[in-house]
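In case you want the letters, here they are:
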Amino acid sequence: MSGEARAIEPEDVTRLVAERLNASGSYSAATLYEPEAVLAYPADRPVTGREAIQAIYQQMVDAGVRFAIESPPPTVRFEDLALTSTRSADNTGLRVQVLRRQPDGSWLRIIDRPEVPQP
């Protein structure tokens, strides 16, 4: 991840993932996840690990998906953990993530559920 911006605040990760997917691709975006992170996309088939997360994102990039920058509501923090969320750009659901502060002070995702349908 050298040379790339680190997530100084938990809220930075969502923006950085979208920017990296739109600009530099799936590998760069996957570095914003811990090595054994879980991505629940689709929700009923979660994958574990950076390599699997990168593969899911690469499928999206290959399909021409563009990622919007979504504004998060206030983050909930407890010690070195944070819960972030965003409403999808098309207003059809919520995205929810759990992040952990790293020894260098940056934040990485450990659990990501990109789509949660509204009730």
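Check the entry above for the structure.
What counts and how
Residues numbered from 1 in each chain as written. Predicted model: local features only at pLDDT ≥ 70, side-chain atom pairs only at ≥ 80, totals over all residues. Heavy atoms only, no water. Helix = DSSP H or I, 4+ residues; strand = E, 2+ residues; numbered from the N terminus. Rg over C-alpha atoms; globule rule 2.2 N^0.38 Å. Contact = heavy atoms within 4.5 Å. Areas by Shrake-Rupley, 256 points an atom, 1.4 Å probe, with all protein chains shown as cover. Lys, Arg positive; Asp, Glu negative; His and termini not counted. Charge placed at Lys NZ, Arg CZ, Asp CG, Glu CD. Buried < 20%, exposed > 50% of the residue type's maximum accessible area, 1.4 Å probe, protein only. Pairing = 2+ DSSP bridges. Salt bridge = Lys/Arg side-chain N within 4 Å of Asp/Glu carboxyl O. Expected span 1.5 Å × (residues − 1). Arc of directions from axis to C-beta.

## Re the overall build of the protein
Logical step 1: Assigned secondary structure in the protein consists of three helices and six strands.
Logical step 2: Along the protein, helices and strands appear, N-terminal first, in the series α-α-β-β-α-β-β-β-β.
Logical step 3: Against the globule reference of 14 Å for 119 residues, the protein gives a C-alpha radius of gyration of 13 Å, in line with a compact fold.
Logical step 4: Based on the C-alpha atoms only, the size of the protein along its principal axes is roughly 35 × 35 × 25 Å.
Logical step 5: Sequence-distant contacts in the protein: of pairs separated by 6 or more residues, those separated by 24 or more amount to 43%.
Logical step 6: Summed over its atoms, the accessible surface of the protein is roughly 6,700 Å², and 54% of this surface lies on carbon and sulfur atoms.
Logical step 7: Charged side chains in the protein number 13 positive and 17 negative. The centres of these two groups are separated by 2 Å.

## Concerning the environment of Leu83
Logical step 1: Inspection of the secondary structure assignment puts Leu83 in strand E4 (residues 81-87).
Logical step 2: Residue class for Leu83 comes out partly exposed when judged on its relative accessible area of 38%.
Logical step 3: Spatially, the C-alpha atom of Leu83 lies 9.5 Å from that of Ile111, the residues being 28 residues apart in sequence.
Logical step 4: Those residues within four positions of Leu83 in sequence are excluded, and the remaining contacts are Thr75, Val76, Val96, Gln97 and Val98.

## Observations regarding the pairing of strand E5 (residues 93-101)
Logical step 1: Pairing of E4 with E5 involves seven bridges; the strand directions are antiparallel. Within E5, the residue paired with Thr86 across the bridge is Arg95.

## Let's talk about the pattern of salt bridges
Logical step 1: Enumeration according to the criterion identifies 10 salt bridges in this entry.
Logical step 2: The residue Asp104 makes a salt bridge to Arg6 at a minimum N-O spacing of 3.1 Å. Here Asp104 is found in the loop between E5 and strand E6 (107-117), whereas its partner Arg6 is found in the segment before helix H1 (10-23), with 98 residues between them in sequence.
Logical step 3: The partly exposed category is assigned to Asp104, whose relative accessible area is 46%.
Logical step 4: When salt bridges with common partners are traced through the structure, they connect Glu9, Glu11 and Arg77 into a single cluster.

## Some details on helix H3 (residues 50-62)
Logical step 1: The first and last C-alpha atoms of H3 sit 18 Å apart over 13 residues, in line with the 18 Å expected at 1.5 Å per residue.
Logical step 2: Restricting attention to buried positions, one finds in H3 the residues Ile53, Ile56, Tyr57 and Met60. Down the axis of H3, the buried side of the element spans an arc of 90 degrees, and every buried residue falls inside it. For H3, the exposed residues lying more than 90 degrees away from the buried face are Glu51, Gln59 and Asp62.
Logical step 3: Positive backbone phi, at 85 degrees, marks Gly64, one or two positions downstream of H3.

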